[in-house]
Amino acid sequence: MDSIIIQGGRTLNGTVEASGAKNAALPLLAAAILADGPMSYRRIPHLRDITTMLTLLANQGADVSMDDSGRVRVDASGSSRPEAPYELVKTMRASALVLGPLLARFGQARVSLPGGCAIGARPMDMHLKGLEAMGARIRMEQGYVVADAPGGLRGARIVFDKVTVTGTENLMMAATLAEGETVLENAAREPEVVNLAESLIEMGARIQGHGTDMIRIEGVDALHGAEVSVIADRIEAATYLAAGLITGGEVTVTQVNPAMLDAFLARVRDAGATVETGPDWVRCSAGERLSGVNIQTSPHPGFPTDLQAQFMALMCVARGSSVIRETIFENRFMHAQELRRMGADIVLNGNTAVVEGRERLSGAPVMATDLRASASLVLAGLAASGETTISRVYHIDRGYERIEEKLRRLGADIERLTPGAEQFRSERLAVQ
């Protein structure tokens, strides 16, 4: 199993380009199921979850390819298997996103309950209730959601009990081919939802209200292929900005819309960071230690839960104390224990963490427990004195494209070791 080794204490400076967002690319790829012609995608990131989704689409009968420019092409018009088997999707939560498109196109679907990071319950209840409101019949069968709509899906008014990004995306895609109008209330407003809606419109869908909490979809008879682009990964962008701040440096991230980072940038400004923005770039710098500030995660446009762990790492070396409340997932403080192994002062009480900043952390062997937790440990390792070894880094490969390469470009001393290479390194150090 691969590990990442960081020699901390280096100041990071420089420029890095944001990759396309995994959380935008996955629903866009699932939308190819709806099209009666080929879809062409720009800025698809090279990540494990993306590979899983492309393999899933190919397994259903889609023609999947990538050209020399890196564009991904998916033609699902010849697909004939409305199924997402467990062996393909057991590591990916986003597999649920194919349920709505498969049901809308084929009138039936058999989708394994998804896997992914163990950060708390992310039930599909709201997805399933919404599809039932649209006329689907659903049953659970040996770990699979089995659904059919022999008369086709019908438009419905659906009110989400709580904001759900994948639920909004799933039902929005299903509604594009349903008969009549579907209204989604208390809908998610994330940029990734907007990216999907705008891409579906390019495919011929009739959608209004995306970016607000009420989305209206008027079903059409068919959608056609289109060329669409994935938005920048705002979580990745903020992580690299945090890498500069936690090491006292200055990092610029390009190819990103600063407006998508408003909540994060507001809090680091409050902490004392200098923030500059342009049309498609953001620069953050910290001439001295940041000050502790409080955050509470909430749906967009609030502070993203996917940045909570990285922000906690920042606060571990800030002046004073900070309070971090997690309101989205009930089990998303697993990184706190690992940060404490590095000398962090963190006290947990339910969904609240109180962090007392230390001047410096100490390198230590730590273990990644989920995607964003792994990013927080990388940040902590960059700021710590000595060597930090992070195991189970397969998590980070699900959401960060070439993270070691990008951090080295900014000045980090970071390397990835495979088990064989790790043994060789230990033997070499023993000889020295």
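Predicted model, so just to flag it, every value in this text is computed and none were measured. (Residues numbered from 1 in each chain as written. Predicted model: local features only at pLDDT ≥ 70, side-chain atom pairs only at ≥ 80, totals over all residues. Heavy atoms only, no water.)

Describing the pattern of salt bridges
(1) Moving on: This model, assessed by the stated rule, comprises 22 salt bridges.
(2) Moving on: Residue aspartate 49 is joined to lysine 22 by a salt bridge in which the shortest nitrogen-to-oxygen separation is 3.3 Å. You can see aspartate 49 sitting in helix 2 (residues 48–59) and its partner lysine 22 sitting in helix 1 (residues 22–30), a full 27 residues away along the chain. Pair check on accessibility: aspartate 49 and lysine 22 agree, each one buried.
(3) Moving on: The partner of glutamate 141 in a salt bridge is arginine 139, and the shortest N-O contact between them spans 3.3 Å.
(4) Moving on: Given the relative accessible area of 28%, glutamate 141 is considered partly exposed.
(5) Moving on: Through salt bridges with shared partners, one network takes in Asp2, Asp397, Glu404 and Arg416. (Salt bridge = Lys/Arg side-chain N within 4 Å of Asp/Glu carboxyl O. Helix = DSSP H or I, 4+ residues; strand = E, 2+ residues; numbered from the N terminus. Buried < 20%, exposed > 50% of the residue type's maximum accessible area, 1.4 Å probe, protein only.)

Some thoughts on the packing of aromatic side chains
(1) Moving on: According to the stated counting rule, one finds 1 aromatic pair in the structure shown.
(2) Moving on: For arginine 110, the ring lying beneath its charged end belongs to tyrosine 144, and the centroid distance is 3.8 Å. (Phe/Tyr/Trp six-rings, centres within 6.5 Å; stacked < 30°, edge-to-face > 60°. Lys NZ or Arg CZ within 6 Å of the ring centre and 35° of its normal.)

Some words on the pairing of strand 17 (residues 281–285)
(1) Moving on: Across 5 bridges, strand 15 (residues 250–254) lies against strand 17 in antiparallel orientation. Bridge pairing links glutamate 250 to serine 285 in strand 17.
(2) Moving on: Connecting the antiparallel pair strand 16 (residues 274–278) and strand 17 is a turn made up of 2 residues. (Pairing = 2+ DSSP bridges.)

Some thoughts on the packing of helix 8 (residues 234–246) against helix 9 (residues 262–270)
(1) Moving on: Look at helix 8 against helix 9: their axes get within 11 Å of each other, and the N-to-C directions meet at 10°. Our classification of the angle between helix 8 and helix 9 gives roughly parallel. In this structure, helix 8 meets helix 9 at a crossing whose hand is right-handed. Seen from helix 8, the contacting residues are Ala238, Leu241, Ala242 and Leu245; seen from helix 9, they are Phe264, Leu265 and Val268. (Axes fitted to C-alpha atoms, helices over the stretch in contact; angles between N-to-C directions. Parallel < 35°, antiparallel > 145°, perpendicular 65-115°, else oblique. Left-handed = near helix turned anticlockwise from the far one by under 90°. Contact = heavy atoms within 4.5 Å.)

Re the sheet that holds strand 2 (residues 13–17)
(1) Moving on: Spatially, the 4 strands line up as an open sheet ordered 2-15-17-16, and their pairing is mixed. The sheet terminates laterally at strand 2 and strand 16, the two strands that pair on one side only. Sheet twist, expressed as the mean angle between neighbouring strand axes with direction ignored, is 15°.
(2) Moving on: By the bridge criterion, 5 bridges tie strand 16 to strand 17 in an arrangement that is antiparallel. Residue pairing in the sheet places threonine 277 in a bridge with valine 282 of strand 17.
(3) Moving on: Across the sheet, helix 9 is in contact with strand 16 and strand 17; its angle to strand 16 comes to roughly 150°.

Details of the packing of helix 5 (residues 125–133) against helix 6 (residues 165–176)
(1) Moving on: In the contact formed by helix 5 and helix 6, the axes pass within 9 Å of each other and the chain directions differ by 25°. What the angle tells us is that helix 5 and helix 6 run roughly parallel. Crossing hand, helix 5 versus helix 6: right-handed. Together, Met126, His127, Gly130 and Leu131 of helix 5 and Thr166, Gly167, Asn170, Leu171 and Ala174 of helix 6 make up the contact between the two elements.
(2) Moving on: Considering only residue class, the contact of helix 5 with helix 6 consists of 4 nonpolar, 5 polar and no charged. (Nonpolar A, V, L, I, M, F, W, Y, C, P; charged D, E, K, R; others polar.)

With respect to the side chain of aspartate 397
(1) Moving on: Topologically, aspartate 397 is positioned in the loop between strand 23 (387–391) and helix 13 (403–409).
(2) Moving on: Classification of aspartate 397 as buried rests on a relative accessible area of 18%.
(3) Moving on: Residues contacting aspartate 397, with those up to four places away along its chain left out, are Leu47, Arg48 and Arg416.

Keep in mind that these numbers describe shape and distance, not what the molecule does.
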